[in-house]
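An overview of the molecular structure
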Amino acid sequence: MKNQNNKTILDVQNLHANTQSTEILKGINLTVKPGEIHAIMGLNGSGKSTFAKVLAGHPDYTATQGNIQFEQQDLLALSPEERAQAGIFLAFQYPIEIPGVANSQFLRLAYNTIQSKRGNDELDPLEFDDFVREKMKLLEMNPDFLDRSVNEGFSGGEKKRNEILQMALLEPTLGILDETDSGLDIDALKIVAKGVNHLSNSQNAMILITHYQRLLDHIVPDYVHVMEAGRIVKTGGKELALELEKHGYDWLHDDRHNNVGVSA
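I will try to describe carefully the structure that is included in this document. The structure presented is a predicted model; accordingly, all values stated were derived computationally and were not measured.

Strands sit in the order 6-9-10-3-11-12 across an open sheet of six strands; the sheet is mixed. Edge positions in the open sheet fall to strand 6 (88-91) and strand 12 (231-236), since each of these has one partner strand only. Taken over all neighbouring pairs, the strand axes of this sheet differ in orientation by 20° on average, direction set aside. For strand 3 (residues 37-41) and strand 11 (residues 223-228), the ladder comprises four bridges, and the chain directions are parallel. Bridging across to strand 11, Met-41 finds its partner in Val-226. The strands touched by helix 1 (residues 48-56) within the sheet are strand 3, strand 6, strand 9 (174-178), strand 10 (205-210) and strand 11, with strand 10 carrying the most contacts at an inclination of about 145°. Lying over the sheet, helix 7 (residues 238-247) contacts strand 3, strand 11 and strand 12, oriented at roughly 45° with respect to strand 11.

Read across the sheet, four strands follow the order 2-1-4-5 without closing on themselves; strand pairing throughout is antiparallel. Of all strands in the sheet, those bounded by a partner on one side alone are strand 2 (22-32) and strand 5 (73-74).

Rules of the game
Residues numbered from 1 in each chain as written. Predicted model: local features only at pLDDT ≥ 70, side-chain atom pairs only at ≥ 80, totals over all residues. Heavy atoms only, no water. Pairing = 2+ DSSP bridges. Helix = DSSP H or I, 4+ residues; strand = E, 2+ residues; numbered from the N terminus. Axes fitted to C-alpha atoms, helices over the stretch in contact; angles between N-to-C directions. Contact = heavy atoms within 4.5 Å.

Here's what the structure looks like:
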């Protein structure tokens, strides 16, 4: 594994969470250390996206039991804005469009807000324009996207690249990618994966939420976790994703005690 110290970025213990009085998460335990990439897989309705939204502080989801420590802070005590400022970034499965708000203005405001929180200098419009154009090269994005409204008229692949561009600018400690591969063709997937790999380093960590092995061909995880009915039911290495691709999720029930990875 890439991590060689005992520092923990994220420590989730016995997390339960509801939405509209329905319990979705039923006891999640997960520890993430610097330099690690964790993939969370599972069928629709298993709780993967709910977990991502609870970490980010989505108001429609309420943690009812358990705790989350993020760099020794009580994450559940922080607002969504405070979580973002502390270093959590969520790339949405379905990025929303914001008509009338130029992408450049949105990105600069987000960047400067984070820099101010960190005690760094903010960038004026000209300085930011040079800075963001360099970041866009990594994702093979046309600079014309800066003048368009946020995500308005973007293709699925363009929206996902715009999400990774935000992550490149904000440099979060924990990046959470909620089915970023959804709706991408293979070329767009490779570009997004290249961007994620470029941003991953020994000081941060990534959580990838996905249904499919194909994303993990390009972003190789240190750990693969399988969620089912609001719990992590199995944890293993990258080979676990290959077994799921080959045998499907029913294989977990047929062969609970196989030798692929370590059961949760």
